[in-house]
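Residue-level listing of the chains:
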Amino acid sequence: MTQSVGGPSGAWEEPKATALLVLADGTVLEGFGLGATGTAVGEVCFNTAMTGYEEILTDPSYAGQIITFTFPHIGNVGTNEEDIESVNLASRPGACGVILHSAITPASNYRATRNLNDWLKARDVIGLCGIDTRALTALIRQKGMPNAVIAHSPDGKFDVEALKKEARDWPGLVGMDLVPKVTSAQRFTWDETPWEWGKGYGRQDKPEYHVVAVDYGIKRNILRLLAGTGCKVTVVPAKTSADDIMALKPDGVFLSNGPGDPAATGEYAVPVIRKLIDSGTPTFGICLGHQMLGIAVGGKTMKMHQGHHGANHPVKDLTTGKVEITSMNHGFAVDKETLPKNVEQTHVSLFDGSNCGLALKDRPVFSVQYHPEASPGPRDSHYLFRRFVDMMRQAKDAAKRKIA
């Protein structure tokens with residue numbers, strides 16, 4: 001911590017900690033509070049992205065997690081109403097806490113409408129700054145992602161023992177289904193297309209295909225890219241049955257990203273996914289959707305040591321031999337060794353060799369672990385949405401030939 005001048009003698013005084021990060025092993029890190037006051041419990045991960053903090057903090061896939069940003073200057077471009085990724089703009093389906101190295105500076109960007117600190121307060125997200133985020137990142141890399149409590153109290157008074165117990169007693173993400181907290185409550189349609197310089201977001205008024213997107217915690221930019229590639233999108237809640245999905249007569253089905261353990265959510269989602277696969281409907285999954293698709297075709301998932309969270313992850317597309325720079329956010333992965341013979345591994349992480357994509361050899365079904373809509377490349381991975389559209393086009397042409 002830095003020191004400040006205070007007191008009648010002008011002596012240097014240590015500033016008082018107004019926020020704590022209390023790990024499940026009893027480690028206590030002191031800092032200065034940001035955003036909302038109170039406490040939140042979750043799994044601590046680190047994110048290496050240098051930009052896009054608003055999109056990251058509002059990604060529903062981060063529910064149940066406290067994000068440590070490795071980049072020291074977070075908040076310098078402020079926030080706005082256009083870059084929020086959760087469908088419900090007013091809710092907090094995303095990270096429950098955020099840890100920064102440096103204090104938030106005044107916003108300096110023409111698109112900014114609010115300071116990050118005020119934005120965190122409004123969205124009820126607890127923040128902490130003033131700690132060595134490099135040391136915390138090194139700890140996570142060595143020991144894995146710890147369970148922890150983040151606490152912010154302006155008067156600096158904390159019941160540390162109670163916070164230690166809360167962190168210790170939290171069961172962790174393994175076996176935890178968090179999708180009910182972030183999925184949509186009802187069905188809705190989407191026609192907003194990607195943002196363009198000088199124009200903002202557009203509207204899809206001449207769709208060629210109808211996609212039903214199953215919302216396990218879907219991001220707005222996924223929906224925009226689907227609409228931008230010629231799709232009318234109907235979003236349905238996570239527990240929608242296969243019969244209800246097929247009753248909407250989709251040309252394709254999209255399985256969205258989301259938080260938590262895929263095996264836990266898969267208790268109700270996997271049987272639905274299997275029926276969709278058996279129907280022959282073109283299907284595309286991302287992140288949690290990819291993991292549950294892996295389970296549906298006979299594979300298994302596993303908890304990762306530190307996960308993949310960042311915007312600089314190289315992934316090789318084994319079908320083309322090309323390498324793309326991707327955005328990732330996942331603490332679970334498909335175990336490639338468990339995939340059956342009718343499943344092809346299409347993408348692999350060049351960091352650790354973990355599975356990042358799969359496709360069925362006998363069905364129009366594929367998925368990727370990373371986030372092609374997040375544009376870190378910046379558009380390296382947008383081809384996946386065109387690949388999905390091509391798959392739907394081929395299926396429609398085949399159906400027409402069969403009728404003829």
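Above: the structure in question.
Everything quoted here is computed from the prediction, not taken from an experiment. (Residues numbered from 1 in each chain as written. Predicted model: local features only at pLDDT ≥ 70, side-chain atom pairs only at ≥ 80, totals over all residues. Heavy atoms only, no water.)

**Q** Please set out the overall build of the protein chain residue by residue, giving values where relevant.
**A** What the protein chain contains, in helices and strands, is ten helices and 21 strands. Here the C-alpha atoms of the protein chain give a radius of gyration of 22 Å, agreeing with the 22 Å that 2.2 N^0.38 yields for 404 residues. Counting only C-alpha atoms, the protein chain reaches 95 × 45 × 40 Å along its principal axes. Within the protein chain, the proportion of its 404 residues that are buried is 54%. Long-range pairs, those at least 24 residues apart, make up 73% of the contacts in the protein chain between residues at least 6 apart in sequence. Total accessible area on the protein chain stands at roughly 17,600 Å², and carbon and sulfur atoms take up 51% of it. Charge separation in the protein chain, taken as the distance between the mean sites of 42 positive and 44 negative side-chain charges, equals 5 Å. (Helix = DSSP H or I, 4+ residues; strand = E, 2+ residues; numbered from the N terminus. Rg over C-alpha atoms; globule rule 2.2 N^0.38 Å. Buried < 20%, exposed > 50% of the residue type's maximum accessible area, 1.4 Å probe, protein only. Contact = heavy atoms within 4.5 Å. Areas by Shrake-Rupley, 256 points an atom, 1.4 Å probe, with all protein chains shown as cover. Lys, Arg positive; Asp, Glu negative; His and termini not counted. Charge placed at Lys NZ, Arg CZ, Asp CG, Glu CD.)

**Q** Give a detailed account of helix α3 (residues 133–143), specifying residues and quantitative values.
**A** When we look at burial in α3, the residues that qualify are T133, L136, T137 and I140. Down the axis of α3, the buried side of the element spans an arc of 100°, and every buried residue falls inside it. α3 presents R134, Q142 and K143 as exposed residues on the side facing more than 90 degrees away from its buried surface. In the core, the buried residues of α3 are packed alongside β3 (19–23), β4 (28–35), β5 (38–47), β6 (65–69), β7 (97–99) and β17 (300–317). Between a side-chain oxygen at the N-terminus of α3 and the backbone nitrogen of R134 the separation is 3.0 Å; the capping residue is D132. Looking at the residues trailing α3, positive phi occurs at G144, about 95°. (Arc of directions from axis to C-beta. Polar contact = N/O pair within 3.5 Å; in protein donor to acceptor, adjacent residues only side chain to side chain.)

**Q** Explain unusual backbone geometry to me, using residue names and the numbers behind them.
**A** Residue P378 is bonded to the preceding G377 through a cis peptide linkage, with omega at 5°. Tracing the backbone through its elements, the reader meets P378 in the loop between β21 (365–368) and α10 (383–403). Phi at K249 takes a positive value of approximately 55°, unusual for a residue other than glycine. Exposure remark for K249: the relative accessible area of 68% places this residue in the exposed category. Its identity is not glycine, yet C287 carries a phi of approximately 60°, on the positive side. Turning to its location among the elements, C287 is positioned in the loop between β16 (283–286) and α9 (288–296). Of the residues examined, C287 reaches a relative accessible area of 2% and is grouped as buried.

**Q** Just give me the short version of the sheet that holds β4, but keep the residues and values in it.
**A** Overall, mixed pairing links the seven strands, which are arranged β3-β4-β8-β7-β6-β5-β9 in a closed barrel. Neighbour to neighbour, the strand axes of the sheet diverge by 35° on average, direction disregarded. With four bridges connecting them, β3 and β4 associate as antiparallel partners. The residue of β4 that forms the bridge with A19 is G31. (Pairing = 2+ DSSP bridges. Axes fitted to C-alpha atoms, helices over the stretch in contact; angles between N-to-C directions.)

**Q** Quick one: what's the story with the environment of Y268, residue by residue and with numbers?
**A** For Y268, the position within the fold is in helix α8 (residues 262–278). Along the chain, Y268 and Q65 lie 203 residues apart, while their C-alpha atoms are 23 Å from each other. Those residues in contact with Y268 that sit more than four places away from it in its chain are D177, V179, P180, A238 and K239. There is a polar contact of 3.0 Å between the side chain of Y268 and the side chain of D177.

**Q** Any chance you could break down the nonpolar core for me, citing the residues and the numbers?
**A** Membership of the largest hydrophobic core comes to 38 residues, with the highest contact counts inside it found for L21, L57, F69 and I99. Residues contacting I99, with those up to four places away along its chain left out, are L21, V44, I66, I67, T68, F69, L128, I131, T133, L136 and I150. Core analysis: the next-biggest nonpolar cluster, separate from the first, contains 31 residues, I222, F284, M328 and Y383 among them. (Core = buried A, V, L, I, M, F, W, Y, C linked by side-chain atoms within 4.5 Å.)

**Q** Lay out the sheet that holds strand β20 (residues 355–360) in plain terms, naming residues and giving numbers.
**A** A sheet is described by the order of its strands in space; here ten strands give the open sequence β10-β14-β13-β15-β16-β21-β20-β19-β17-β18, paired in mixed fashion. The sheet is open, and its two borders are formed by β10 (188–190) and β18 (322–335), each paired with just one other strand. Shown here is a sheet whose adjacent strand axes are inclined to one another by a mean of 25°, direction ignored. Strand direction decides the pairing type here: strand β15 (residues 252–255) and β16, joined by three bridges, are parallel. Residue pairing for β16: V253 is matched across the bridge by T283.

**Q** Lay out the pairing of β3 with the relevant residues and their values.
**A** The buried fraction of β3 is high, at five of five residues. Neither face of β3 is left uncovered, since the one carrying A19, L21 and L23 and the one carrying L20 and V22 both have all their residues buried. With antiparallel pairing between neighbouring strands as the criterion, β3 and β4 make up a hairpin whose turn holds four residues, including G26 at a positive phi of roughly 100°. When β3 meets strand β9 (residues 147–152), the two strands line up antiparallel, connected through five bridges. Bridge pairing in β9 places L23 opposite A148.

**Q** Quick rundown of the environment of T133? Include the residues and the values.
**A** One can find T133 in helix α3. In this structure, the C-alpha to C-alpha distance between T133 and T70, residues 63 residues apart in sequence, is 6.1 Å. Those residues in contact with T133 that lie beyond four places of it in its chain are T68, F69, T70, I99, L100 and H101.

**Q** Outline the packing of aromatic side chains, supporting the account with residue identities and numerical values.
**A** Where two aromatic rings form a pair, the distance of their centres and the angle of their planes describe that pair. Applying the stated rule across the entire model yields seven aromatic pairs. Counting every residue linked through ring pairs, the aromatic cluster contains F254, F284, F366, F385 and F388. Residue placement shows K303 over the ring face of F332; its charged tip is 5.4 Å from the ring centre. (Phe/Tyr/Trp six-rings, centres within 6.5 Å; stacked < 30°, edge-to-face > 60°. Lys NZ or Arg CZ within 6 Å of the ring centre and 35° of its normal.)

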